[in-house]
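Below are the chains, spelled out letter by letter.
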There are 2 protein chains.
Amino acid sequence: MDATPGTVRPGGRTAKVRAAVLAATQEALVDGGFHALTPDRVAAVAGVGKTTVYRRWRSSAGLVADLLRDMAEQSLPAADTGSLEGDLRANAALVRDTLTDPRMGPVFAAVIAAAACDEECAKALHGFYATRLAEWTPAVERGLSRGEIPAGTDPLDVLRAVSAPLYYRFAVSREPLTADVAQRAAAAALAAARAGAFVV
Amino acid sequence: MDATPGTVRPGGRTAKVRAAVLAATQEALVDGGFHALTPDRVAAVAGVGKTTVYRRWRSSAGLVADLLRDMAEQSLPAADTGSLEGDLRANAALVRDTLTDPRMGPVFAAVIAAAACDEECAKALHGFYATRLAEWTPAVERGLSRGEIPAGTDPLDVLRAVSAPLYYRFAVSREPLTADVAQRAAAAALAAARAGAFVV
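In the annotation of an unreviewed UniProt entry, chain A is listed under the name TetR-family transcriptional regulator and assigned to Streptomyces pristinaespiralis.

Next up, the structure:
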């Protein structure tokens, strides 16, 4: 679509610039991680003026933080399979599929590394997971209302327990993330929840 | 102790150089993370010739890999409290104490970030956790022989389940690592193990 003056709806130009800049940011992270990311490179790849990138995003950390906000907004709807077990298995499969995706895996590795180096990135990553976990809490709440897990169970703790073994292998112990590992993470989280381990 | 010729046991000089180089490596990681680490800086801080550092460690990644080998060798003995619950709680407390330590926390953040950027660091980090997990498997095996968890339970999976929620908060979701979080991680891992979630 041509950005002819008068034909672009309000915000259209700004939204297009942001989309191009965030796509270039993601590209740089996939290519070489956080330290391959510079506002100059992003401006060149996105076809946007350097001044615009520096004014609006300030730094590499600002670019990563905005990419994480965009990723949080674009997340898929949570599953509703009719059972907590089904929903947790779907959640584990989604996390595993994301981390093993040839494009998204390197993006997550890069933002996790960026968060270790930079406080702004760390806050943005924290916000990203707060959003993701909140999206899935209704699945656990439905399980609670169906009596599948004890009253008083903290939904966030159940969801953290599903993700944690997958991220541990991905970012820390560097062990394979098979489909079986994901299903076992979901089963273990459910077993712990049933036993009352996440009652607060 | 003075390194007077004739009074140093074989290997003493080499061991001293390594200790100084690894201390300087750790210092650099605490100060500014993986990207603050250069063989030149390490040589200067350690009081060792650059040529020695480049010949023996080759690169920043080589320094991190050797630091991780050294850390794996120096780990504390695993607990033996008489119950699996006690041992897993001790394990969780140890992991939490390490990650919240003002010196070791930044070292772990830096090596996790380094592993995201560099394959040699990733392999070394994988090796470090393989060593650490193996040291604690006897605790789970004693629990198995006492009948505290079902036969066929994978000891490594139980130990991964204790660590994973702590590392998830530390490196990924960037949430606080309280003593209560550690104890809940141990309790959840034990509950899942008792329910047979880690039977292979």
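A. Quick peek at the nonpolar core. With 143 residues, the main nonpolar core has Val21, Phe108 and Tyr167 of chain A together with Val21, Phe108 and Tyr167 of chain B as its most contacted residues. Beyond its immediate sequence surroundings of up to four residues, tyrosine 167 of chain B is in contact with Tyr168 and Val172 of chain A together with Val95, Leu99, Phe108, Ile112, Tyr129 and Val172 of chain B.

B. Focus on the interface of chain B and chain A. Facing 34 residues of chain B, the contacting portion of chain A comprises 35 residues. Surface buried jointly by chain B and chain A totals about 3,000 Å² across both partners, of which 64% is contributed by carbon and sulfur atoms. Among the residues of chain B in contact with chain A, Tyr168, Arg174 and Arg184 of chain B are the three that bury the most area, contributing 22% of the side total. Taken together, chain B and chain A are joined by four salt bridges. The residue arginine 160 of chain B makes a salt bridge to glutamate 175 of chain A at a minimum N-O spacing of 2.6 Å.

C. Quick peek at the domain arrangement of chain A. Residue and element names in this part refer to chain A. Its domain assignment divides chain A into domain 1 (13-71) and domain 2 (78-194). The C-alpha centroid of domain 2 is placed 27 Å from the C-alpha centroid of domain 1. Contact with domain 1, which involves 17 residues of that partner, is made by 16 residues of domain 2. Buried surface at the junction of domain 1 and domain 2, summed over both partners, amounts to about 1,400 Å²; 71% is from carbon and sulfur atoms. If you look at where domain 1 meets domain 2, you find two salt bridges. The partner of arginine 103 in a salt bridge is glutamate 27, and the shortest N-O contact between them spans 3.3 Å. Put simply, domain 1 and domain 2 have three residue pairs in polar contact (both at pLDDT 80 or more) between them.

D. Looking closely at the UniProt feature "DNA-binding region" (unreviewed entry) in chain A. Mapped onto this numbering, the UniProt entry gives "DNA-binding region" (unreviewed entry) at residues 38-57 of chain A. The span residues 38-57 of chain A is 80% helix and 0% strand, and its two end C-alpha atoms sit 11 Å from each other.

E. Structural context of the packing of aromatic side chains. Scanning the model with the defined rule gives 10 aromatic pairs over all chains in all. Measuring from centroid to centroid gives 4.9 Å for phenylalanine 128 of chain A and tyrosine 129 of chain A, while their planes differ by 85°, and the two rings are edge-to-face. Using a relative accessible area of 1% as the deciding quantity, one classes phenylalanine 128 of chain A as buried. Measuring from ring centre to ring centre gives 5.7 Å for tyrosine 168 of chain A and tyrosine 167 of chain B, while their planes differ by 55°; the resulting arrangement is tilted. Of this pair, tyrosine 168 of chain A sits in helix α8 (residues 155-172) while tyrosine 167 of chain B sits in helix α8 (residues 155-172), placing the two residues on different chains.

F. Expanded view of the pattern of salt bridges. All names here are of chain A. Enumeration according to the criterion identifies 32 salt bridges over all chains in this entry. For aspartate 40, the salt bridge identified is with lysine 50, shortest N-O distance 3.4 Å. Of this pair, aspartate 40 sits in helix α2 (residues 39-46) while lysine 50 is found in helix α3 (residues 50-57), placing the two residues 10 residues apart along the sequence. Here the residues in one salt-bridge network are Arg18, Asp66, Arg69, Asp70 and Glu73, joined through shared partners.

Reading the values: rules and limits
- Residues numbered from 1 in each chain as written.
- Chains lettered and ligands numbered in written order.
- Predicted model: local features only at pLDDT ≥ 70, side-chain atom pairs only at ≥ 80, totals over all residues.
- Heavy atoms only, no water.
- Core = buried A, V, L, I, M, F, W, Y, C linked by side-chain atoms within 4.5 Å.
- Buried < 20%, exposed > 50% of the residue type's maximum accessible area, 1.4 Å probe, protein only.
- Contact = heavy atoms within 4.5 Å.
- Buried area = accessible area lost by both parts, 1.4 Å probe.
- Salt bridge = Lys/Arg side-chain N within 4 Å of Asp/Glu carboxyl O.
- Domains from an automatic or database assignment.
- Polar contact = N/O pair within 3.5 Å; in protein donor to acceptor, adjacent residues only side chain to side chain.
- UniProt positions renumbered as here; feature names shortened; annotations may be inferred.
- Helix = DSSP H or I, 4+ residues; strand = E, 2+ residues; numbered from the N terminus.
- Phe/Tyr/Trp six-rings, centres within 6.5 Å; stacked < 30°, edge-to-face > 60°.

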